[in-house]
Amino acid sequence: MKLKSAQDMLKGLLKIKGKDKFETAENIFILMLLTCSVLLSLFIGIAGVIPRGLPVVGIMISSFFIFISIISLVILWIIREV
């Protein structure tokens, strides 16, 4: 019984489709923000062991996508309020 409710909660968290197109876009950018944050943490940890190469590129790319998703969320919230 508890497992089924945990699965329902997870499905509710990963629901991308919103009531309108703005809410759907907001859900997509929030999911992208969370995913890239986890990737950034992972690449920072790997860069502690391997200071050159792929981890550094991964840090730069995930930081860029975090920046883009934050700017997009701010623009969406401004458009929604106006």
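Scroll up a little and you will see the structure.
The structure displayed is predicted, hence computed values, not measured ones.

Novice: Give a detailed account of the overall build of the protein chain, specifying residues and quantitative values.
Specialist: Summing up its helical and strand segments, the protein chain has 3 helices and 0 strands in all. Along the chain direction, N to C, the helices and strands of the protein chain fall in the order α-α-α. Relative to its 82 residues, the protein chain shows a buried fraction of 18%. Pairs at least 24 apart in sequence give 54% of the contacts found in the protein chain among residues at least 6 apart. In the form shown here, the protein chain has an accessible surface area of approximately 6600 Å², with 76% of it arising from carbon and sulfur atoms.

Novice: Talk me through the packing of helix α2 (residues 21-49) against helix α3 (residues 54-81); I want residue IDs and the actual numbers.
Specialist: Closest axis-to-axis distance for the α2/α3 pair is 8 Å, and the angle between their directions is 155°. What the angle tells us is that α2 and α3 run roughly antiparallel. For α2 against α3, the interelement crossing comes out left-handed. Considering only residue class, the contact of α2 with α3 consists of 22 nonpolar, 6 polar and 3 charged.

Novice: Give me the lowdown on α2, citing residues and values where you can.
Specialist: Counted at 1.5 Å a residue, the expected span for α2 with its 29 residues is 42 Å, and the 43 Å between its end C-alpha atoms agrees. Taken together, the buried positions of α2 are occupied by Thr24, Glu26, Cys36, Leu40, Phe43 and Ala47. Where α2 is buried, its residues contact α3.

Novice: With reference to specific residues and values, describe the environment of Ile68.
Specialist: When you line up the elements, Ile68 lands in helix α3. Overall, the relative accessible area of 30% leaves Ile68 in the partly exposed class. Sequence separation between Ile68 and Met32 is 36 residues, and the spatial gap between their C-alpha atoms is 9.6 Å.

Scoring rules and cut-offs
- Residues numbered from 1 in each chain as written.
- Predicted model: local features only at pLDDT ≥ 70, side-chain atom pairs only at ≥ 80, totals over all residues.
- Heavy atoms only, no water.
- Helix = DSSP H or I, 4+ residues; strand = E, 2+ residues; numbered from the N terminus.
- Buried < 20%, exposed > 50% of the residue type's maximum accessible area, 1.4 Å probe, protein only.
- Contact = heavy atoms within 4.5 Å.
- Areas by Shrake-Rupley, 256 points an atom, 1.4 Å probe, with all protein chains shown as cover.
- Axes fitted to C-alpha atoms, helices over the stretch in contact; angles between N-to-C directions.
- Parallel < 35°, antiparallel > 145°, perpendicular 65-115°, else oblique.
- Left-handed = near helix turned anticlockwise from the far one by under 90°.
- Nonpolar A, V, L, I, M, F, W, Y, C, P; charged D, E, K, R; others polar.
- Expected span 1.5 Å × (residues − 1).

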